[in-house]
Amino acid sequence: MKPVLSQPPHVDWLTGAFSRTPLLRKTTRLADLPGVFADHSGWQQADPQQIVYDVEMLDTLSGSGELFTGVTHLYPGKVGNEYFMTRGHFHALREQGEVYFGLRGTGLLLLQDEQGEMHLEPVVAGSVHIIPGYTAHRLINTGTEILSALAVWSSTAGHDYAALAGGFAWRVVEENRQVQVREVQNG
Ligand code: F6R
Ligand code: ZN
């Protein structure tokens, strides 16, 4: 049999740009994130067309056993004093984990399990984040540059946004020019 050499896609480790036209490019703007930021009037006053993040995915196989690969580019910014962040989700198939690799920028990965246990991991170029199953995850850009992270996850994992419609238990804000983590007070 003749060996076949096929060129894999490349990712630019400095920017997260894929060498191939992505299968999918999803842009999430402030208008798409009602109820996500604590400061509702700040959100209403902000430009609804402001891009918060872009996700690009490689055109790969899907189905049982296959993996998706995507890059999230999360822009710097705040609503009120709360940093720009992704919506955040559990996987629809709860047991499915995921791996994030920090590429550029500075931020945090917020993790919350089904019992409400939380922790935060700093995201920087080269950081590797093993997100276990049963754990919701959200990226937060605490810096002044684009935060980009590469992710690999099961193509069948799916997203469950509804389970966290009430929000994560911690919010990450800027106070006195410092990154602060605040527990959400209920009621
Ligand atoms: C896939 C995954 C990422 C996120 C992306 C956008 O399982 O975790 O690709 O989907 O960072 O975040 P969400 O989906 O929370 O809007
Ligand atoms: Zn995920």
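Residues numbered from 1 in each chain as written. Chains lettered and ligands numbered in written order. Predicted model: local features only at pLDDT ≥ 70, side-chain atom pairs only at ≥ 80, totals over all residues. Heavy atoms only, no water.

Rule in force here: UniProt positions are given in the numbering used here, feature names are shortened, and annotations may be inferred rather than shown by experiment.
The name given to the chain in an unreviewed UniProt entry is glucose-6-phosphate isomerase, and the organism recorded there is Trabulsiella guamensis ATCC 49490. Word for word, the UniProt comment on the chain under Catalytic activity (unreviewed entry) is "alpha-D-glucose 6-phosphate = beta-D-fructose 6-phosphate". Turning to the chain, the UniProt annotation filed under Pathway (unreviewed entry) states: "Carbohydrate degradation; glycolysis; D-glyceraldehyde 3-phosphate and glycerone phosphate from D-glucose: step 2/4."

Details of the sheet that holds strand E10 (residues 135–141)
Applied cut-off: Any two strands are treated as partners once DSSP identifies two or more bridges connecting them. Secondary structure elements follow DSSP: runs of H or I of four or more residues count as helices, runs of E of two or more count as strands, with numbering from the N terminus. For every element, the axis is a line fit to its C-alpha atoms; helices are fit only across the contacting stretch, and the angle between N-to-C directions ranges from 0 to 180 degrees.
Overall, antiparallel pairing links the three strands, which are arranged E8-E7-E10 in an open sheet. Both outer strands of the open sheet, strand E8 (118–123) and E10, are each paired with one neighbouring strand and no more. Adjacent strand axes in the sheet meet at a mean angle of 20 degrees, parallel and antiparallel pairs treated alike.

Things to note about the packing of aromatic side chains
How we decide: Whether two aromatic rings pair depends on their centres lying within 6.5 Å, for rings of Phe, Tyr and Trp, where Trp uses its six-membered ring; planes under 30 degrees apart make the pair stacked, over 60 edge-to-face, and the rest tilted. Each residue's exposure class comes from its accessible area (1.4 Å probe, protein chains only) as a fraction of the maximum for that residue type: buried when under 20%, exposed when over 50%, partly exposed otherwise. Each ring is checked for a lysine NZ or an arginine CZ that lies within 6 Å of its centre and within 35 degrees of its normal; such an atom marks a charge sitting over the ring.
Inspection of every chain in the model, using the stated rule, returns two aromatic pairs. On the numbers, 6.2 Å between centres and 50 degrees between planes, the contact of phenylalanine 37 with phenylalanine 84 is tilted. You can see phenylalanine 37 sitting in the loop between strand E1 (24–29) and helix H1 (40–45) and its partner phenylalanine 84 sitting in the loop between strand E5 (82–83) and strand E6 (98–104), a full 47 residues away along the chain. Residues phenylalanine 37 and phenylalanine 84 agree in their burial class; the two are buried. Their ring planes at 70 degrees and their centres at 5.9 Å tell us that phenylalanine 68 and tryptophan 153 sit as a pair that is edge-to-face. One end of the pair, phenylalanine 68, is in strand E3 (residues 67–74); the other, tryptophan 153, is in strand E11 (residues 147–154), and 85 residues separate them in sequence. Using a relative accessible area of 16% as the deciding quantity, one classes phenylalanine 68 as buried. With relative accessibility at 9%, the residue tryptophan 153 sits in the buried group. When the ring centre of tyrosine 161 is taken as origin, the NZ or CZ atom of arginine 87, which lies over that ring, is 5.5 Å away.

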